[in-house]
Amino acid sequence: MLSVTLLSLSWAVLASSSKCILPISYSSQIYEVPAWLSLNYSCTGSAQLWEARPSPGKGMGVFATRALEPGDIILEEPPIIKIIPPDFRDGAAYPLSSIDMLLNSAFDALSEEKQAEVMSLHAHLTPGEENKESANRMLIPIFRSNAYIVGKTNTELGLFPKGARINHSCRPNSSQVWIDKIGKRVVRAVRHIEEGEEVFATYIPLLRDHKARQQRLDQYGFKCTCSACTHDRATQAASDRRRDDIRKAFADFEPQLTLTVPQSIAGRKRAEKNAAASEDLARLVEEEGLADYYAQAYRIVALSYARIEKWEAATRWAHKSYELNLAADEDAPNTLEMRALTEHFIQNWNTDLYNKSNQHG
Ligand SMILES: [Zn+2]
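Residues numbered from 1 in each chain as written. Predicted model: local features only at pLDDT ≥ 70, side-chain atom pairs only at ≥ 80, totals over all residues. Heavy atoms only, no water.

## Considering the overall build of the chain
Here is the rule: For helices the rule is a DSSP run of H or I covering at least 4 residues; for strands it is a run of E covering at least 2, with both sets numbered from the N terminus onward. The classification of residues rests on relative accessible area computed with a 1.4 Å probe and restricted to protein chains. Under 20% of the type maximum is buried, over 50% is exposed, and intermediate values are partly exposed. For this analysis, residues touch if any pair of their heavy atoms sits within 4.5 Å. Shrake-Rupley sampling with a 1.4 Å probe provides the accessible areas, and residues are treated as covered by the protein chains on show and by no other component.
Helices and strands together make up the secondary structure of the chain, namely nine helices and 10 strands. Burial statistics for the chain: of 361 residues in total, 46% are counted as buried. For the chain, long-range pairs separated by at least 24 residues make up 69% of all intrachain contacts whose partners lie at least 6 apart in sequence. Element-wise, carbon and sulfur atoms account for 52% of the exposed surface of the chain, whose accessible area totals about 18,800 Å².

## Notes on empty space enclosed by the protein
Where we set the bar: Points on a 1 Å grid over protein atoms alone make up a cavity when a 1.4 Å probe fits among them but cannot get out, and a pocket when they form an open set with protein on both sides within 12 Å along at least five of seven lines; lining residues each have an atom within 4 Å of a point. Grid points are joined across faces, edges and corners, and a volume is the space filled by probe spheres set on the points. Each residue is assigned to one of three groups, with Ala, Val, Leu, Ile, Met, Phe, Trp, Tyr, Cys and Pro labelled nonpolar, Asp, Glu, Lys and Arg labelled charged, and all others, Gly among them, labelled polar.
Tallied over the entire structure, the rule returns two cavities of 30 Å³ or more. Each pocket or cavity is described by its volume, and for the largest cavity that value is around 40 Å³. What lines the largest cavity is Phe253, Gln256, Leu257, Ala271, Asn274, Leu303, Ser304 and Arg307. For the lining of the largest cavity, the secondary structure elements donating two or more residues are helix 6 (265-287) and helix 7 (294-306). When grouped by side-chain class, the residues that make up the lining of the largest cavity number four nonpolar, three polar and one charged.

## Regarding helix 6
Cut-off, in case you're wondering: A helix is expected to span 1.5 Å for every residue after the first.
An ideal rise of 1.5 Å per residue puts 33 Å on 23 residues; helix 6 measures up with 33 Å between its terminal C-alpha atoms. Residues of helix 6 that are buried: Gly267, Ala271, Ala275, Ser278, Leu281, Ala282 and Val285. Residues of helix 6 that are buried sit in contact with helix 5 (233-253), helix 7 and helix 8 (311-328).

## Observations concerning unusual backbone geometry
Here Glu309, not a glycine, exhibits a phi torsion of approximately 60°, which is positive. Locating Glu309 in the fold gives a position in the loop between helix 7 and helix 8.

## A look at the packing of aromatic side chains
The test is simple: Each aromatic pair joins two rings of Phe, Tyr and Trp (for Trp, the six-membered one) with centres within 6.5 Å, and gets the label stacked for planes under 30 degrees apart, edge-to-face for over 60, and tilted for any other angle.
For the structure on display, the rule yields eight aromatic pairs. Here Tyr298 and Trp317 contribute two aromatic rings whose centre-to-centre distance is 5.4 Å and whose plane-to-plane angle is 55°, an arrangement assigned as tilted. One end of the pair, Tyr298, is in helix 7; the other, Trp317, is in helix 8, with 19 residues separating them in the sequence. For Tyr298, a relative accessible area of 5% puts it in the buried group.

## Points about the pattern of salt bridges
Using the following cut-off: By definition here, a salt bridge exists when the distance from a side-chain nitrogen of Lys or Arg to a carboxyl oxygen of Asp or Glu is within 4 Å.
Throughout the structure, instances matching the rule amount to 19 salt bridges. For Arg66, the salt bridge identified is with Asp72, shortest N-O distance 4.0 Å. Given a relative accessible area of 36%, Arg66 falls into the partly exposed group. One salt-bridge network, held together by shared partners, links Arg171, Arg242, Arg243, Glu287 and Glu288.

## A word on the coordination of the zinc ion
Under the convention used in this document: Counted as coordinating are nitrogen, oxygen and sulfur atoms within 2.8 Å of the metal, or 3.2 Å for Na, K and Ca, while water is not included, which may make sites look incomplete. Under this scheme a four-donor centre is tetrahedral when all angles range from 85 to 135 degrees, a four-donor centre is square planar and a six-donor centre octahedral when opposite donors are above 155 degrees with the rest from 65 to 115, and any other centre is irregular.
Taken together, the protein ligands of the zinc ion are Cys170 (SG), Cys224 (SG), Cys226 (SG) and Cys229 (SG), with distances of 2.2 to 2.3 Å. Classification of the site at the zinc ion as tetrahedral follows from its four donor atoms and the range of 104 to 114° in their angles at the metal. Spacing between the donor residues of the zinc ion along their common chain follows C-x53-C-x1-C-x2-C.

## Section: helix 8
Spacing of three or four residues puts side chains on the same side of an α-helix, whose turn is 3.6 residues. A rise of 1.5 Å per residue sets the reference length of helix 8, with its 18 residues, at 26 Å; its end C-alpha atoms lie 26 Å apart and thus fit the reference within 8%. Burial analysis of helix 8 places 14 of its 18 residues in the buried class, which makes it a mostly covered element.

## Focus on the sheet that holds strand 8 (residues 174-179)
Short version of the rule: Paired strands are those between which DSSP finds at least two bridges. To obtain each axis, a line is fitted to C-alpha atoms, and for helices this fit is confined to the stretch in contact; angles are then taken between N-to-C directions over 0 to 180 degrees.
Spatial ordering of the open sheet is given by 3-9-8, a layout of three strands whose pairing is antiparallel. What marks the edges here is a single partner per strand, and that holds for strand 3 (73-77) and strand 8. Pairs of neighbouring strands in the sheet enclose a mean axial angle of 15°, with direction left out of account. The pairing of strand 3 with strand 9 (residues 184-189) spans four bridges and is classified as antiparallel. Among the inter-strand pairings, Ile73 is bridged to a residue of strand 9, identified as Arg188.

## Regarding the sheet that holds strand 7 (residues 167-168)
Judged by pairing direction, the sheet is mixed, and its four strands sit side by side in the order 1-2-10-7 without closing on themselves. Single-partner strands in this sheet number two, and they are strand 1 (50-54) and strand 7. Alignment of strand 2 (residues 60-64) against strand 10 (residues 198-201), held across two bridges, turns out to be antiparallel. When the sheet's bridge partners are listed, Phe63 is paired in strand 10 with Glu198.

## Re the pairing of strand 10
Across the two faces of strand 10 the burial is the same, with Glu198 and Phe200 and Val199 and Ala201 all buried. As paired elements, strand 7 and strand 10 share two bridges and run parallel to each other. Looking at strand 10, one finds that His168 is bridged to Ala201.

## Some points on the environment of Ile99
Looking at the element boundaries, Ile99 is found in helix 1 (residues 96-108). For the pair Ile99 and Ile84, spaced 15 residues apart in sequence, the C-alpha to C-alpha distance is 8.8 Å.

## Things to note about the nonpolar core
Just so we agree on the cut-off: Nine residue types can take part in a nonpolar core, namely buried Ala, Val, Leu, Ile, Met, Phe, Trp, Tyr and Cys, and a core is a set of them joined through side-chain atoms within 4.5 Å. The start and end points of each domain follow an automatic or database-based domain assignment.
Grouped together as the largest cluster of nonpolar side chains are 47 residues, with contacts concentrated most on Phe250, Leu281, Val285 and Phe345. Among the elements of the structure, helix 5, helix 6, helix 7, helix 8 and helix 9 (333-360) are those that each provide at least two residues to this core. It is helix 7 that contributes the most residues to this core, 10 residues altogether. Counting residues domain by domain, this core receives three or more from each of domain 1 (50-220) and domain 2 (232-360). For Phe345, the residues in contact, after removing those within four places along its chain, are Leu259, Ala302, Leu303, Ala306, Trp311, Ala314, Thr315 and Ala318. Counting 18 residues, the second-largest nonpolar core is a separate cluster that includes Ile83, Ala123, Ile140 and Ala164.

And the structure:
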């Protein structure tokens, strides 16, 4: 039996789908090989699939130049500027002067064209920063408004001018992840995107209600008008409730995410109820269109079915989660975990089928 290490739920899952996935070499003893295990996956090429142009009310935006499917890579980009900020002291902010120095020397080393690319980015200015004229003075606000955490240990900050053009939505159609191995930030479609449709990412955690999300977005200086924020009042309230329920369910499931099969009848009954509730959670996340959370929800359903030894369901859900994780980053710990879990569940499913065929034959 495989020993499987469960990871905590705290990782940020970046969902994607099966456009660029390699077939998995599972045990060939399975009695009835499900169709989804024998699919021939391939990887699509990388001609430029986006263009930057004005987006009404939002400055610039990024638009798809052809229809995109979940998993398609929209853009891959190395940081134009990358700095390693000095260590945090407890509770203290980064010393601004040292960031300033690091940024300025990185900026000065860029070609004129790249400097212009940096300076063309939007910056949300705080009151004290307004009316600053020199280019170098604008670097801090630009960096603060657009930089992402990157690097193997998440201790570096990078600026990605192309990706920075992607506007925010609370129901984004793309997700982004830093892939350390290639030194690039990769943006993928997480649902079907029409040709000419705007690409959106999220700047904030999404499992909060409309009001709390807007408070977080105030630091970027705009009012969100995405499809989740411009509903009529009743639809808005329903969306808020769903996000609230999803956040609570993620927290409630966390202590139960083990592979231990409950031994008592009451424990078993509870686990059966939880397996049904976990499917409700996955449905809720899909209904709300929160693609970044699909893989995390599917993992919960897989483990919930494993706890009641429903190996077929556990395998299918684990594989769904694995596919999404794999498309985002093949080397990420959660990808490796879901692969191990899928293999483990499929072995148990296989043993089950073998036992059943012996009983009947
Ligand atoms: Zn919104």
